[in-house]
Amino acid sequence: MNDGLTARLKSPLSEPADFAEVLPLGWPQLAARDLAERPVYLADERVSLGDLFEIQGTPVGRIRFEGDLSAAVHFGVGLAEGEVTVDGDVGSQAGSGMSGGALVIEGNAGPRAGAAPPGFKRGMSGGELIVRGSAGVEAGASMRRGLLAIGRSAGERTGLGMIAGTVVVFGASGADTGLWSKRGSVVALGRITPPVTYRYACTYQPPHLRLQLGRLKARYGLPVQRRYLTGQYRRYSGDLAELAKGEILEWAAK
Amino acid sequence: MKIRGVFIEDTFAEAFTMRVARVIITGRSRRWVQAAALKLTGFATSVIGCKVEAGIERDLLPGETPDARPGVSVLLMTMGKDDLGKRLIERVGQTVLTCPTTACYDGLPEAPDRVRVGSALRFFGDGFQASKVIGGKRFWRIPVMEGEFLVEEKFGMLKGVGGGNFLILARTADAALSAAEAATDAMASQQGVILPFPGGVVRSGSKVGSRRSKTMIASTNDAFCPTLRAVTRTALPEEVNSVLEIVINGTEAAAISKAMQSGIDAACRDGVVAISAGNYGGKLGPHHFHLRQIMSGRDT
């Protein structure tokens, strides 16, 4: 089986590095040497991806980044196709503005993963952003479409101002999760306190969650317990200060 | 050709190209899956009078369905492309949306032709409906008094085959019925085929047109009616006193051939004189299922 490309960090990043131009359109078709030429911006210089990473393999639409990328900002920005895996932590605004494909972060994500880039109104507009660890504040802020799954805890204001799309949090959700959401869905499998601008609707079994959670388990191996598939969820409608077409689905443990 | 003493006539079944959709219904239990499927496939024996032909293809185990619940696979078939979308919207809307605990999914995800179903039914939600894209497919969540009805936005549509058939010519009505039951049991749950008539069996095979009316497009197949043996040009051997027909629709001709082979084999039993088939001289339908070729294994 061809595992695609592998990018191994040559030495730890000693300063913030901006990866915004590494994975926009067209990367899955690039050979290792061509991808190596894409730019990464350090504080005061522009370097090539190949300067930082040893890139090997054959392009098949998959790439795996190995090394500590907690200093990498804007990683996966504009991702539209293919599957990108990072085997550790990633810095702020990972997957910001992605529109397709899958970005799988095996570790933790910094603030505003999948959120709108500064100056933009919309965050993710498609694709699947999987954070196996925890995510920082305002993950999924202003997302328009797509799926953000967080394997552990989510920071404050997760899903802030969501236009639509889905955020699934396996651990605890931070304060004000879902605040100002228009049509977004927050699925909280752990502890959550819905904002005061949400109103309880009912406790039921949302049929689509069997598909959504089943897919997260089958495709990404996320820890979807059977009780999440068969259990009841408390539905809160909100944000009533916005369109009120959004929801928080809180697993009710039965 | 004879099979266990039953004569296989040198004739063929003549079938037509139809449009087919596969609908997957799931529910909390087999009870509600069956309830929805029976209503969905009700009054759907022949396009002549029902606008659509439908039947249960097979039961699905939880491991075979999109949401890991018990399910059933149903085929719906029409003569035209446009008809299929209309029938799906009518029938899913009236029989699955209304049925407790059920959800409804497309069973032909690879088919390039798509018809809108969920995107039409969503309007029942009166603006409160919501959609979710999961794995690249859009689903509609329609709020209902029970909770939510989940339906896939679009369903695949393929060219299928309708009107595969064979006739069981028996000495008695009991023998014909026993043979028909054995045949339908043998064909049950075979992937890619449905038997759209009651219990899979037709007692009222038809011929094209009518002797008495220009407006009727079908009337009783008098050549195969035992009670008319003395007054019509009969096709029945002397010892035959009852005839039953099995009609088989499918997603492809090969599936129908395979079903006919197992069905005819099961029908060849005591009391059955011959197996025949219905056709129109070969001029109307492009699919010809020759009984002897099928039973000799040359057409499966």
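Residues numbered from 1 in each chain as written. Chains lettered and ligands numbered in written order. Predicted model: local features only at pLDDT ≥ 70, side-chain atom pairs only at ≥ 80, totals over all residues. Heavy atoms only, no water.

A. Fine view of the overall build of chain A. When helices and strands are counted, chain A shows 4 helices and 16 strands. For 254 residues, the compact-globule formula gives about 18 Å, and the C-alpha radius of gyration of chain A, at 18 Å, lands near that figure. Seen along its three principal axes, the alpha-carbon backbone of chain A occupies a region of about 55 × 40 × 25 Å. Across the 254 residues of chain A, 57% fall into the buried class. Accessible surface, chain A: about 10,300 Å² in total, of which carbon and sulfur atoms supply 48%. Between the centroid of the 29 positive side chains of chain A and the centroid of its 25 negative side chains there is a distance of 13 Å. (Helix = DSSP H or I, 4+ residues; strand = E, 2+ residues; numbered from the N terminus. Rg over C-alpha atoms; globule rule 2.2 N^0.38 Å. Buried < 20%, exposed > 50% of the residue type's maximum accessible area, 1.4 Å probe, protein only. Areas by Shrake-Rupley, 256 points an atom, 1.4 Å probe, with all protein chains shown as cover. Lys, Arg positive; Asp, Glu negative; His and termini not counted. Charge placed at Lys NZ, Arg CZ, Asp CG, Glu CD.)

B. Seen up close, the interface of chain B and chain A. The interface of chain B with chain A comprises 17 residues on the first partner and 18 residues on the second. Carbon and sulfur atoms make up 56% of the area that chain B and chain A hide from each other, which totals about 1,300 Å². On inspection of chain B and its partner chain A, the count reaches 1 salt bridge. The closest approach of N and O atoms between B:Arg141 and A:Glu247, which form a salt bridge, is 2.6 Å. At the surface where chain B touches chain A, the tally comes to 10 residue pairs in polar contact (both at pLDDT 80 or more). Within the residue set of the side of chain B that touches chain A, elements represented by two or more residues are β8 (130–134), β9 (137–144) and β10 (147–152) of chain B. The class makeup of the residues in the side of chain B that touches chain A is 7 nonpolar, 3 polar and 7 charged. (Contact = heavy atoms within 4.5 Å. Buried area = accessible area lost by both parts, 1.4 Å probe. Salt bridge = Lys/Arg side-chain N within 4 Å of Asp/Glu carboxyl O. Polar contact = N/O pair within 3.5 Å; in protein donor to acceptor, adjacent residues only side chain to side chain. Nonpolar A, V, L, I, M, F, W, Y, C, P; charged D, E, K, R; others polar.)

C. The nonpolar core, seen in detail. Judged by nonpolar contacts, the single largest core of 52 residues is most densely connected at A:Phe19, A:Phe53, A:Phe65, A:Leu69, A:Phe75 and A:Leu103. Considering each element in turn, this core owes the most residues, 3 residues, to strand β1 (residues 5–9) of chain A. Apart from the residues within four sequence positions on either side, A:Leu69 is in contact with A:Leu9, A:Leu13, A:Phe53, A:Phe75, A:Val86, A:Asp89, A:Val90 and A:Gly91. B:Ile3, B:Ala13, B:Val193 and B:Leu291 belong to the second-largest nonpolar core, a separate cluster that totals 35 residues. (Core = buried A, V, L, I, M, F, W, Y, C linked by side-chain atoms within 4.5 Å.)

D. Molecular detail of the packing of helix α5 (residues 173–187) of chain B against helix α6 (residues 253–267) of chain B. Residues and elements named next belong to chain B. Orientation of α5 relative to α6, taken along the N-to-C sense of each, is 145°, at an axis distance of 7 Å. The interaxial crossing formed by α5 with α6 has right-handed handedness. Each of Ala 179, Ala 182, Ala 183, Ala 186 and Met 187 in α5 lies in contact with α6, whose residues at this interface are Ala 259, Met 260, Ser 262, Gly 263, Ala 266 and Ala 267. Of the residues in the contact of α5 with α6, the class split is 9 nonpolar, 2 polar and no charged. (Axes fitted to C-alpha atoms, helices over the stretch in contact; angles between N-to-C directions. Left-handed = near helix turned anticlockwise from the far one by under 90°.)

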